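A look at the structure
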Amino acid sequence: MKTTNMTSGNSMKQIVMFFLPLLFGNLFQQVYSLVDSIIVGKGIGDKALAAVGASGTLNFLILGFVVGLTRGFGITFSQSFGKEDSRLLRGYVLAAQYISTIMSVLFTLLCLMTLKSMLEFLKTPSDIFSDAYNYFAVILAGITITVLNNLAITILQSLGDSKTPLSAMIISSITNIILDVFLVMGLHFGVIGAAVATVIAQAVSYIFCRMRINKVPILNDENPKDKSKSPLVFPQFSLCIDLLRIGLPVAFMNSVTAAGGMILQYFVNLMGSAYVAAYSVCMKFAGLFEQFGISVGLSILTFVGQNKGAGKYSRIRIGVRQGLVLSIIVNVPLALIQIVTPEIISKIMISDSVTIGYCAEFMPILGISLFALGGLFVFRYAVQGLGNTMIPMFSGFLEVAMRLGFGFTLGRLSFRGIAISEVSAWIGAFIMLALTYFILMKKN
């Protein structure tokens, strides 16, 4: 398997070539999610689809935490790879595998014991409570597989390989859809069948990525006569501490950001069903469009991490500037779509003229502020790549505070106020992370 060392060569070309597979993978996952929802809705019914959706917030909170944890681990992988310290890299990978397995097992047990209480706390309707519980219980039972899969993907991306994760995502998504059709529509296993299909698809992705990792020379070139290449069996305690110090803030940031989204949903729910529908449509498009910025940011994360390990700070400055340029370029057409044609794209999902009118109020505000969101991703991942994960975590708390503050003031007055509350979180975090980046780089 080919790795990509980003510490030399044409930086813009490397960032773009790493960005494209990431983008295709993220967009493919969005399309797959839509197809999965259609199969559940058509194969089982609207209540089953609602039951799966009812666990969405918990899914985001819990899985967001574990995905953030493994992504944080990837920072140490990138830096070790850029430093060309194969022994240290293998040590971090081994320690990450131990930590991920142990934490995911403990996480599974804790979540399964409290799942009923969590669903009750979220006021899950009684007519879908049983399906929601059964679906998410299976998802939780497979957390270990999900964590190891995300860790494997992170290892590959940290070494400059974004093509293998793309292939794994496509294979697992196709597997998931086939199993959905077979278990849900064929054997009529209901929501449990849909959950089992998801877990098996994650396992397929993990096996695919693991096979590729086993072919990476820097991770597997072991020589008993050479101490730097001798086999590692047990992780070093100091490396475990390093991983947790870097990874836990990223994990908490993901969960805090997810919780922040619940705040605005609360204010929208008070406005009535038409506003809820409009908000849902706008945020679905926002979730789709932000994948472009996220993909640029993840490219910068690997680029900065590798060059931080190599001590090439001037190259980091060039790469981050190029990342900002790329972010602006990809966001221009997306912003124009939201600003100029909100009614047209809203009609793809809804037909009610009143609801479409609400979308036309909300969506242009998101479009105007999309560049701040793109910059947020670039600076957030750049700061993380430099090894500082605490400030990005605090930026997540700032986003929550901004949504809460503006939600209580502007959000309670109008639907446009809700949109302003959302983008205020983007702008606030963008400013905080940009200042942090420049301060960190000034020290180097």
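Presented here is an overview of the structure given in this document. (Residues numbered from 1 in each chain as written. Predicted model: local features only at pLDDT ≥ 70, side-chain atom pairs only at ≥ 80, totals over all residues. Heavy atoms only, no water.)

Examining the overall build of the protein chain
When you go through the protein chain residue by residue, the secondary structure sums to 17 helices and zero strands. Rg of the C-alpha trace for the protein chain: 22 Å, near the compact-globule value of 22 Å for 444 residues, within the 12% margin. Its C-alpha atoms give the protein chain principal-axis dimensions of roughly 70 × 50 × 35 Å. Within the protein chain, the fraction of its 444 residues that count as buried is 53%. For the protein chain, the share of sequence-separated contacts (at least 6 apart) that also reach a separation of at least 24 residues comes to 82%. When the accessible surface of the protein chain is split by element, carbon and sulfur atoms take 67% of a total near 19100 Å². Across the protein chain, the 31 positively charged side chains and the 19 negatively charged ones have centroids separated by 11 Å. (Helix = DSSP H or I, 4+ residues; strand = E, 2+ residues; numbered from the N terminus. Rg over C-alpha atoms; globule rule 2.2 N^0.38 Å. Buried < 20%, exposed > 50% of the residue type's maximum accessible area, 1.4 Å probe, protein only. Contact = heavy atoms within 4.5 Å. Areas by Shrake-Rupley, 256 points an atom, 1.4 Å probe, with all protein chains shown as cover. Lys, Arg positive; Asp, Glu negative; His and termini not counted. Charge placed at Lys NZ, Arg CZ, Asp CG, Glu CD.)

Topic: the pattern of salt bridges
Following the criterion strictly, the structure yields four salt bridges and no others. Between R403 and E399 there is a salt bridge whose closest N-O contact spans 3.4 Å. Taken together, the positions of R403 and E399, both in helix α16 (residues 390-411) and four residues apart, correspond to about one turn of that helix. Neither residue differs from the other here; R403 and E399 are each classed as buried. A salt bridge links R403 to E422; its shortest N-O distance comes to 3.0 Å. Taken together, the positions of R403 in helix α16 and E422 in helix α17 (residues 415-442) put the pair 19 residues apart, joining distant regions of the chain. Here the two residues R403 and E422 agree in accessibility, since each one is buried. (Salt bridge = Lys/Arg side-chain N within 4 Å of Asp/Glu carboxyl O.)

Quick notes on unusual backbone geometry
Residue E84 is not a glycine yet carries a positive backbone phi of 60°. Residue position: E84 is located in the loop between α3 (56-83) and α4 (86-121).

Details of the side chain of D161
Take D161: it is sitting in the loop between α6 (143-158) and α7 (163-186). Here D161 occupies a buried position and makes no salt bridge, while the nearest side chain of opposite charge, R212, is found at 5.6 Å. A polar contact is formed between the side chain of D161 and the side chain of T164, at a distance of 2.6 Å. (Polar contact = N/O pair within 3.5 Å; in protein donor to acceptor, adjacent residues only side chain to side chain.)

With respect to the side chain of T146
With respect to the helices and strands, the residue T146 is situated in helix α6. Apart from residues lying up to four places away in sequence, T146 is in contact with L63 and Q202.

Details of the packing of aromatic side chains
Scanning the entire structure with this criterion turns up nine aromatic pairs. Ring plane angle 40° and centroid distance 4.8 Å describe the contact between F362 and F415, whose orientation is recorded as tilted. In this pair, F362 is assigned in helix α14 (residues 353-368) and F415 in helix α17, connecting sequence segments 53 residues apart. Accessibility expressed as a relative area gives 0% for F362, which makes it buried. For the ring pair Y437 and F438, a centre distance of 5.2 Å and an interplane angle of 65° mean the geometry is edge-to-face. (Phe/Tyr/Trp six-rings, centres within 6.5 Å; stacked < 30°, edge-to-face > 60°.)

Some words on the environment of K13
With respect to the helices and strands, K13 occurs in helix α1 (residues 11-43). For K13 and A194, which are 181 residues apart along the polypeptide, the C-alpha to C-alpha distance reads 40 Å.

Concerning the nonpolar core
For soluble globular proteins, the rule of thumb is that nonpolar side chains tend to be buried together. Judged by nonpolar contacts, the single largest core of 66 residues is most densely connected at V304, I316, V320, F362, L386 and Y437. If you list the elements that add at least two residues to this core, you get α1, α10 (237-269), α11 (273-310), α12 (313-340), α14, α15 (370-385) and α17. If we skip the residues at most four places from it in the chain, I316 touches F303, V304, N307, K308, L386, Y437 and M441. If you look at the next biggest cluster of nonpolar residues, it comprises 49 residues, including F81, L115, L140 and I153. (Core = buried A, V, L, I, M, F, W, Y, C linked by side-chain atoms within 4.5 Å.)

A look at α15
With 16 residues, α15 extends 23 Å from end C-alpha to end C-alpha; this agrees with the ideal 22 Å at 1.5 Å per step. Of all 16 residues in α15, 15 are buried, a share of seventy percent or more. Backbone geometry just downstream of α15 places G387 in the positive-phi region, at approximately 100°. (Expected span 1.5 Å × (residues − 1).)

Focus: the environment of L366
As for its placement among the helices and strands, L366 is situated in helix α14. Given the relative accessible area of 1%, L366 is considered buried. As for L366 and C282, which are separated by 84 residues in sequence, their C-alpha atoms are 8.7 Å apart. The contacts of L366, once residues within four sequence positions are left out, are C282, M283, A286, Q338, E422, V423 and W426.

Quick notes on a nonpolar patch on the surface
A contiguous nonpolar surface patch, about 620 Å² in accessible area, is contributed by I328, V332, L336, I339, V340, I368 and F371. Here the element with the most residues in the nonpolar patch is α12; it accounts for five residues. Position of V340 relative to the elements: it lies in helix α12. A relative accessible area of 56% places V340 in the exposed class. (Patch = residues over 30% accessible without salt bridge, like charges linked within 9 Å, V, L, I, M, F, W, Y side chains within 5 Å.)

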